Each structure stands twice: as structure tokens, then as C-alpha cells.
Amino acid sequence: MERSIQSALISVFYKDGLEPIVRKLHQLGVTLYSTGGTQTFIEQLGIPCQPVEGVTGYPSILGGRVKTLHPGVFGGILARRDLPEDLAQAAQYNIPMLDLVIVDLYPFEETVASTTDEKAIIEKIDIGGVSLIRAAGKNHKDVCIVASRHQYGTLLQMLEEGNGVTTLEQRRTLAAAAFAECAHYDVAISDYFHRSAENAYSQLSYGNKYPLRYGENPHQPAAFYGDIDALFSKLNGKELSYNNLVDVDAACQIAAEFSTPMFAVIKHTNVCGVALRPTVGEAWDAALAGDPESAFGGVLITNTTIDAATAARISELFFEILIAPGYSDEALATLKTKKNRIILQQKQSFFPTKEYKRVLNGILVQAADDKNFTEWLEAGARPCKEAEKEDLLFANIICKHLKSNAIAIVKDRQLIGKGCGQTSRIDALRHAVDKAKQSGFDTTGAVMASDAFFPFDDCVRMAHEAGMTAVIQPGGSVRDADSIAYCVANGMAMVMTQLRHFKH
């Protein structure tokens, strides 16, 4: 069922991208109605525009809170064009038909993110906009609704290709997107009011749908919902996959932990190589050396601009994704020589505030593990040496980003061995020691971190036998005394953090 656009109501907060649409509508002879700033915008383009006040008979009142909430506006949107009774009533009350509604919503989420001023936040709860969108969406059989600037390109293409005529399928697609906008908006408002409320409802809404090639495996359909473009600019390579995004998330979280130059290699969400160094090139060399075998096909991340020399060495390795805050021109040219390499420029640091996981027929929600310990509790034979302390702090952070049970072995702020995802802590340590040896490292003088307490003294025994001199762990076992006694008897330093870092 086709409908010709003869009139349009335009009232938007964001004007960017609107001008070509307004000009096209004017070219098509469409009568334009508008309010406030949008009316001024249209008139400054030299295009005539009818004020909504001329339809309602009322000015904008209550500081702009009430502008379009009137039968004269909603009647023109909701009137069913195939019902003579509706058309007769509209004519009786001089209500003009509105065939196109372009309305967006006040930036509520952006306001919440930028201020704690509740008055300012409350004023960004849109009333008229949501009502207009829902009305036009409900009557999509006759009316076309555009509820977001992200739909401007689609609308302009429709106007140009259809010469101002829309199909029912097009209007229904836009209505679906419009209702999604309203739903997301309402969830954001509900989330704001429930932040401090007891027995709060948990509602999730993520914006744009980003289609993926497939899920974890090729037979699993998948999509990402969110605004990935707010975090990255993709400079090269194929489209991101489900597994890519999972690893990118893990990479960003570990990179957010450090302010000094670092490089990390991620594989299946676990960090397999990471180091802190004075320069990005040195950090890359040390991170790769930590586990060159596992680095093959990995996700690489640094918090420092990549130079030409470092890019040349990175290019010697096959990798899936490289993430950095910047690249020199020469570095980017080198990295782009392989068309499928995904090169991302990170626009802002990212660390989540909440974690979500589907379990059974519900969702688990928890605060993100964004804490590092604050109390340095020495429990071994002696205080830590300064170099040991630096390595222990580094190892403890790395361990937080490994799947439990997890052990990290560090030497000179470089991960040299790790064991993760094991069903026993001693097995995780065995893996870590074996991995260090496999990569050619001497664990003498290294330190060890554990994501949770030692249930027995077997881990500190094995660490000591491998030449490690200091250990960091949460403590809390009923047999802590056994591990402490062994460290005291064998000259090992031990730090108890009283903060566990399970990751499942």
C-alpha cells in the first residue's frame, strides 16, 4: 500500500544531517510544520515552514514542556485515511493530515553521563517526542515515522527513489525502528530511577544492531547490540566477528589498568603475553616473548601510539586484530599491507561498570571487578624488596584478567608464565611453570600471583622449588597458616591482599 507524502511534522533535537531531507521535501512540494529551534533551522534555509502553534492555537508553554500535545497534531497523525468517519472529524476540526513525522528524543542518556544535576536530567525526559513517535508508529499504515538521525540516510534514499511515495513495508520497517528507540529510551529512564531503589527492576536495552558473520561457531547466528563506533575507528581489515569482539573486550579491560606504556596479547579472552616497558617497541618485544607460540592469531593491544619500527616487527606475526590509540603514517602503511588484518584505533579507554551473564532462564548481573587491593599485608619471612613489590603489583593485576583457577608468574614486569582455567590451583601453577620453561624463561627470582587463596601449602612449595622469591594472594583459607609457615621457613615474601579475583 503506497502513500504519498503531502505534509510533514519535523521537530528534532539533533539537526545534523537534516538539511538534505528538508530541501528534498521542499522540492517535492511537501508542506512542512515545525516547532522552536527546528522551525528556525528550516526557515534559515530559506524554506517556508508552518508553526505548530498555527495548528494547535496555543503557543509553546511551561518552558517548552508542552508544544505538540494537542488533538490538532495527534489527530493529523492518527487519522485513518481509509475511514471516512476519521477524515470527516479531521475536516470538522480543521486538522491537517500529517504523512511524515520526523522527531527524535531529548538526549537523556548523554545528560545522565555528563552531569549529576537532577533538575537538568529530569528536564531531558521527553514527553511529546515519545508520544508523537508512538502515534506515528501505531498508524504506520498511513504515516511514515523517522525517530532517529541514524535513519536520515534511509529516509533520504526513500524520498529520492520513490519521489515522495512510500510503501507499507518501508513504513513498517521505520515504525519498528521507532518503537525500538522508545523502548531503549524508557529503559534508560527506568534504570536512572532504579539505581538507588530497593527491589529495582533489571532492564537491559542496547542500541544499534551490528550484524556479525556468525557466533562462536559458523552455525550460530549472532549480532552485537551497542555503539562500537563510539569506541573505535576501524582503519583496515574485515568485519569483526563474535569471537573477535569477545577478545577485544578482554583486551580493552586489561589495557585500561595501566598508564605507562604496555603491550598485551589476548587469546580466547586470556592474556598470554603482557609487559610494561619505557617504550612501545620494548613493550611489544617483551609481550611477544612471554608466549610467542600462543600469540599466533591473537588480539594485540597497546595504550601507546605505534611507530614505524614497532609496526614492522608486529607485521612479522600473523594476528587477527591490533588495537592502539594511534599510529604513525608509516606504521599504518606497513600494517595495512595485509587486507584482512583488523586495525582499530581506540578512541577512549574502556572498562565496564557491570557484567551480565545468561544463566538458566534468567540473567546474572554484577558490578564489574574494578577494584585493586588497598592494604599491603606482609605475611611472609621478610618485607618485599622494591623490585618484587613492582612485579607483585603487576602480577596481581594480570591474574585478575585470567580465567580461574589462575596463576601468573612475572619477572621484571613481564608475564613469563601463566596457568588459567584449571580445575585445581596446583594444576594452574604447573601449567604456568611449564609455560615459562617452554618459552625459555628462568623462573629464579620471579614472583607469583594467585587469583584466590591457597587451600594447601603445595603452591608455595612448588613456587619455591622453581626459584620464585615472593607470592601475592588474597588469603582467607582455613589453612593459610600452612602456606605462611612455609614462606617464613624458606625466606619467601608473601603479601595477602584480602581481595579475590575469580573469573569464570
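Above this text you will find the structure in question.
Criteria and thresholds
- Residues numbered from 1 in each chain as written.
- Predicted model: local features only at pLDDT ≥ 70, side-chain atom pairs only at ≥ 80, totals over all residues.
- Heavy atoms only, no water.
- Axes fitted to C-alpha atoms, helices over the stretch in contact; angles between N-to-C directions.
- Helix = DSSP H or I, 4+ residues; strand = E, 2+ residues; numbered from the N terminus.
- Parallel < 35°, antiparallel > 145°, perpendicular 65-115°, else oblique.
- Left-handed = near helix turned anticlockwise from the far one by under 90°.
- Contact = heavy atoms within 4.5 Å.
- Nonpolar A, V, L, I, M, F, W, Y, C, P; charged D, E, K, R; others polar.
- Buried < 20%, exposed > 50% of the residue type's maximum accessible area, 1.4 Å probe, protein only.
- Patch = residues over 30% accessible without salt bridge, like charges linked within 9 Å, V, L, I, M, F, W, Y side chains within 5 Å.
- Areas by Shrake-Rupley, 256 points an atom, 1.4 Å probe, with all protein chains shown as cover.
- Salt bridge = Lys/Arg side-chain N within 4 Å of Asp/Glu carboxyl O.
- Pairing = 2+ DSSP bridges.

Enquirer: Got a minute to help me understand the packing of helix α8 (residues 128–138) against helix α10 (residues 168–194) in this structure?
Expert: Axis angle and axis distance: for two packed helices, these are the angle between their axes and the distance between the axes, and together they describe the pair. Where α8 meets α10, the closest approach of the two axes is 9 Å, and the angle between their N-to-C directions is 150 degrees. By the angle between their axes, α8 is roughly antiparallel relative to α10. Considering only the axes of α8 and α10, their crossing is left-handed. Contacts from Val130, Ile133, Arg134, Gly137 and Lys138 in α8 reach Ala175, Ala178, Phe179, Cys182 and Tyr185 in α10. Looking at the contact of α8 with α10 residue by residue, the class counts come to 7 nonpolar, 1 polar and 2 charged.

Enquirer: What is the right way to read the environment of alanine 176 from this model?
Expert: Turning to its location among the elements, alanine 176 is positioned in helix α10. The class for alanine 176 is partly exposed, based on a relative accessible area of 49%. Spatially, the C-alpha atoms of alanine 176 and lysine 138 are 9.9 Å apart, while their sequence positions differ by 38 residues.

Enquirer: Just checking my understanding: could you explain a nonpolar patch on the surface for this structure?
Expert: Together, Tyr356, Ile363 and Val365 line one region of the surface with nonpolar side chains, adding up to about 260 Å² of accessible area. Of note, isoleucine 363 is situated in strand β17 (residues 362–367). For isoleucine 363, a relative accessible area of 52% gives the class exposed.

Enquirer: Please explain the sheet that holds strand β4 (residues 50–51) as it appears in this structure.
Expert: The strands making up a sheet are joined through hydrogen bonds of the backbone, oriented either antiparallel or parallel. Spatially, 5 strands are ordered β4-β3-β2-β5-β6 in an open sheet, and the strand pairing comes out parallel. The open sheet has two edge strands with one neighbour each: β4 and β6 (144–146). Here strand β5 (residues 100–103) runs beside β6; their pairing, made up of 3 bridges, is parallel. Bridge pairing in β6 places isoleucine 102 opposite valine 146.

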